[in-house]
Amino acid sequence: MEAADRPLRPGTLAGVIALLLVLAFLVGAVVGIGTIGTLRLSELLQRLLWDRLRDALPTALLQRISPVALGIVGGALIGWATQRFGYSLDTLGQVIAKARATGTYRLPSVGKSLALFVLPIAFGGAVGPEAGVCGFVTAGVYAGIHALRRSGLAAVRNPDHALSAAIRSLTGMQGPVAQGAERHPFTYAYSRPASGVLWVVAASGFVLGIMGFVTCFGTAGSLPRFAPIDYLSTSTRDWMWALAALIIGYALAQFSLLCHAVSSTIATAIGEQRHVTRAVIAGAFLGLLAIGLPDVLFSGQTGTVALLGSWQRSTALFLALTCVAKLAATAVCVAGGWIGGEFFPMIFCGVSAGYALALATGCDPMIAVACITAALVSACTRKPVLTIVVLALCFPPTTLPLVAVCAVLAAKAPGLRR
């Protein structure tokens, strides 16, 4: 529209809009299929290393200490790849900050970024996939948007361009799509409503692309779904323990932030350019913890689902130790170059601590889990709205008001920050 020296006819404009929406949907679908496919690849490698390879070891002792060996090997590969490629993946916060600051986001290399994403997950890093997924999705959608803009410019300048021909076939218009493009540079940026529509259509394509992949090849991971809180049978004693759970979640968040600060300081002392050394130390630390506390491994996504049916057969002490150890392991992994997300590990830790409190006190487990998890995630990220949105994937709507109260209170409380 901006490149034209006269208003476009209604039929032409409708054709352009329809084609843009179709292309936005296809971009989202391609990105969705690529995302779920990458997660599936990570899971297959994870099973190969931690199930088949470990089960093939000849003695029980070797199987027990195998997390240390796999952690060291994984750290060496991650450190070598980071050093060889010359960069590491951005975390979720870094992706959002760069996209907001520049209006775009790009990956230095899709293949190299894929390797940096898969390695920490495959070797059992205590990090989630959401950081890498956020980077891939953001870069993919922005690449699609830029391609649409470039194609639009080419179409208005060249009547033989494929996009121009497609518009003519949709509208029946003859001749060039628009005239005067050379005199009016294509500098138009989509308005906020138009951009919002494109993002919604792309998101729909993203979801349907994932659903299509899952239908054909099976799912990759799953999210826990907790039972709703039975408010009618909740006692005053349960609500008193809810306040204690809020405080516990906030305290765990401060411990996590302290672990990140200490780990970052140690990593700096080792040397920012000594990628292999830092990654190997992180892998060895992770493996040693996993000998006694195996649930410190992995993102915690699948572990949380398993915990739903097994927590009553555990002990409060074991669950509490697992929670604390996993928070420390996540901090060490991130500082050591095992870059990944922290939401899923924190959710697992909050759930583990909530069940530990329920076992120790007899309080309502769903209240304890909701309060501790919301406070832990929100106090660590200082993003209560994002916390509520993420936890809405796990908790039923009736629990979300309690989640929201705990998230807001924890985020506003004073304490350590990143």
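Keep in mind the model is a prediction, meaning the values are calculated, not measured.

(A) Geometry of helix 12 (residues 343–361). Relative to the 27 Å expected for 19 residues at 1.5 Å per residue, helix 12 spans 27 Å between its end C-alpha atoms, a close match to the ideal helical length. Across the 19 residues of helix 12, 17 count as buried, placing the element largely inside the fold. Immediately beyond the C-terminal end of helix 12, within one or two residues, lies Gly362, with a positive phi of roughly 80 degrees.

(B) Examining the packing of aromatic side chains more closely. The full count for this structure, using the stated rule, is 5 aromatic pairs. Aromatic side chains Phe117 and Phe136 sit 5.6 Å apart centroid to centroid with 90 degrees between the ring planes, which places their arrangement in the edge-to-face category. One end of the pair, Phe117, is in helix 4 (residues 110–122); the other, Phe136, is in helix 5 (residues 130–157), with 19 residues separating them in the sequence. Judged by relative accessible area, Phe117 falls into the buried class, the value being 4%. Arranged with centres 4.4 Å apart and planes meeting at 5 degrees, the rings of Trp311 and Tyr355 form a pair that is stacked. Here Trp311, found in the loop between helix 10 (301–310) and helix 11 (316–335), pairs with Tyr355, found in helix 12; they are 44 residues apart in sequence, far enough to count as distant.

(C) Looking closely at the environment of Gly292. Structurally, Gly292 is set in helix 9 (residues 275–292). Gly292 sits in the partly exposed class, given a relative accessible area of 43%. Residues Gly292 and Arg64, spaced 228 residues apart in sequence, show a C-alpha to C-alpha distance of 9.1 Å.

(D) Main features of a nonpolar patch on the surface. On the surface, Val22, Phe25, Leu26, Val207, Leu208 and Met211 cluster together to form a nonpolar patch covering roughly 520 Å² of accessible area. Counting residues per element, the ones that place at least two in the nonpolar patch are helix 1 (10–55) and helix 7 (192–217). One can find Leu208 in helix 7. On the accessibility criterion, Leu208 (47% relative accessible area) is partly exposed.

(E) How the structure looks around unusual backbone geometry. One non-glycine residue, Phe298, lies in positive phi territory at about 70 degrees. In this fold, Phe298 is placed in the loop between helix 9 and helix 10. Assessed through its relative accessible area of 25%, Phe298 is described here as partly exposed. We note that Arg382 has phi near 60 degrees; this positive angle belongs to a residue other than glycine. Position of Arg382 relative to the elements: it lies in the loop between helix 13 (365–381) and helix 14 (384–391).

(F) Focus on the state of the cysteines. Overall, the coordinates contain 0 disulfides when judged by the stated rule. A disulfide-free cysteine, Cys371 has its sulfur positioned 3.6 Å from the sulfur of Cys406, the nearest such atom.

(G) Structural context of the pattern of salt bridges. Using the criterion set out here, one finds 2 salt bridges in the structure. Between Arg47 and Glu43 there is a salt bridge, with its nearest N and O atoms 3.7 Å apart. Note that Arg47 and Glu43 are positioned in helix 1 at a spacing of 4 residues, about one turn of the helix. Two residues, Lys98 and Asp90, come together in a salt bridge whose shortest N-O distance is 3.0 Å.

(H) Inspection of helix 9 at higher detail. The first and last C-alpha atoms of helix 9 sit 27 Å apart over 18 residues, in line with the 26 Å expected at 1.5 Å per residue. Burial in helix 9 covers these residues: His275, Arg278, Ala279, Ala282, Gly283, Ala284, Leu286, Gly287 and Ala290. Considering only its buried residues, helix 9 is in contact with helix 2 (60–85), helix 8 (236–270) and helix 11.

(I) Inspection of the packing of helix 10 against helix 12 at higher detail. One can describe the packing of helix 10 onto helix 12 by two numbers: an axis separation of 8 Å at closest approach and a directional angle of 20 degrees. In terms of orientation, helix 10 lies roughly parallel with respect to helix 12. Taken as a pair, helix 10 and helix 12 cross one another with a handedness that is left-handed. Here helix 10 contributes Gln301, Gly303, Thr304, Leu307 and Leu308 to the contact with helix 12, which in turn contributes Phe344, Phe348, Val351, Ser352 and Tyr355. A breakdown of the residues in the contact of helix 10 with helix 12 according to their chemical character gives 6 nonpolar, 4 polar and no charged.

(J) Quick peek at the nonpolar core. With 94 residues, the main nonpolar core has Phe117, Phe226, Leu286, Trp338, Tyr355, Leu376 and Phe395 as its most contacted residues. Here this core gets 13 residues from one element, more than from any other, and that element is helix 13. When sequence neighbours within four positions are dropped, the list of residues in contact with Phe117 reads Thr38, Leu39, Ser42, Leu89, Pro129, Gly132, Val133 and Phe136.

Here is what the cut-offs are and how they apply
- Throughout this document, residue positions are counted from 1 along each chain, in the order its sequence is written.
- Selection of residues for local features in this predicted model requires a pLDDT of at least 70, selection of side-chain atom pairs for listing and counting requires 80 or more, and totals for whole chains, interfaces and linings are taken over all residues.
- Computation of side-chain values covers all heavy atoms of the structure but excludes hydrogens and water.
- Helix numbers and strand numbers start at the N terminus; a helix is a DSSP run of H or I with at least 4 residues, a strand a run of E with at least 2.
- Any helix carries an expected span of 1.5 Å times its number of residues minus one.
- Only protein chains enter the calculation, and the probe is 1.4 Å; a residue is then buried if its accessible area is under 20% of its type maximum, exposed if over 50%, and partly exposed in between.
- In this analysis, rings of Phe, Tyr and Trp, with Trp reduced to its six-membered ring, are considered paired at centre separations within 6.5 Å, and the interplanar angle assigns stacked below 30 degrees, edge-to-face beyond 60, and tilted for intermediate values.
- Only residues whose relative accessible area exceeds 30% and that take part in no salt bridge are eligible for patches, with like-charged residues grouped when within 9 Å of each other and nonpolar side chains (Val, Leu, Ile, Met, Phe, Trp, Tyr) grouped when within 5 Å.
- Surface accessibility in these figures is a Shrake-Rupley result with a 1.4 Å probe; residues are shielded only by whichever protein chains are displayed.
- The working definition used for a salt bridge is a side-chain nitrogen of Lys or Arg within 4 Å of a carboxyl oxygen of Asp or Glu.
- Count a disulfide wherever a pair of cysteine sulfur atoms falls within 2.5 Å.
- Note on contacts: a residue pair qualifies if any of its non-hydrogen atoms lie within 4.5 Å across the two residues.
- Only the stretch in contact is used when fitting a helix axis, every axis being a line fitted to C-alpha atoms; angles between N-to-C directions are given from 0 to 180 degrees.
- Note that the term roughly parallel is reserved for angles under 35 degrees, roughly antiparallel for angles over 145, roughly perpendicular for angles of 65 to 115, and oblique for everything else.
- Crossing handedness: left-handed means the near helix sits turned counterclockwise from the far one by under a right angle, and right-handed means the same turn made clockwise.
- Gly is put with the polar residues, along with every residue not named as nonpolar or charged; the nonpolar set is Ala, Val, Leu, Ile, Met, Phe, Trp, Tyr, Cys and Pro, and the charged set is Asp, Glu, Lys and Arg.
- Only buried residues count toward a nonpolar core, which is a set of Ala, Val, Leu, Ile, Met, Phe, Trp, Tyr and Cys residues joined through side-chain atoms within 4.5 Å.

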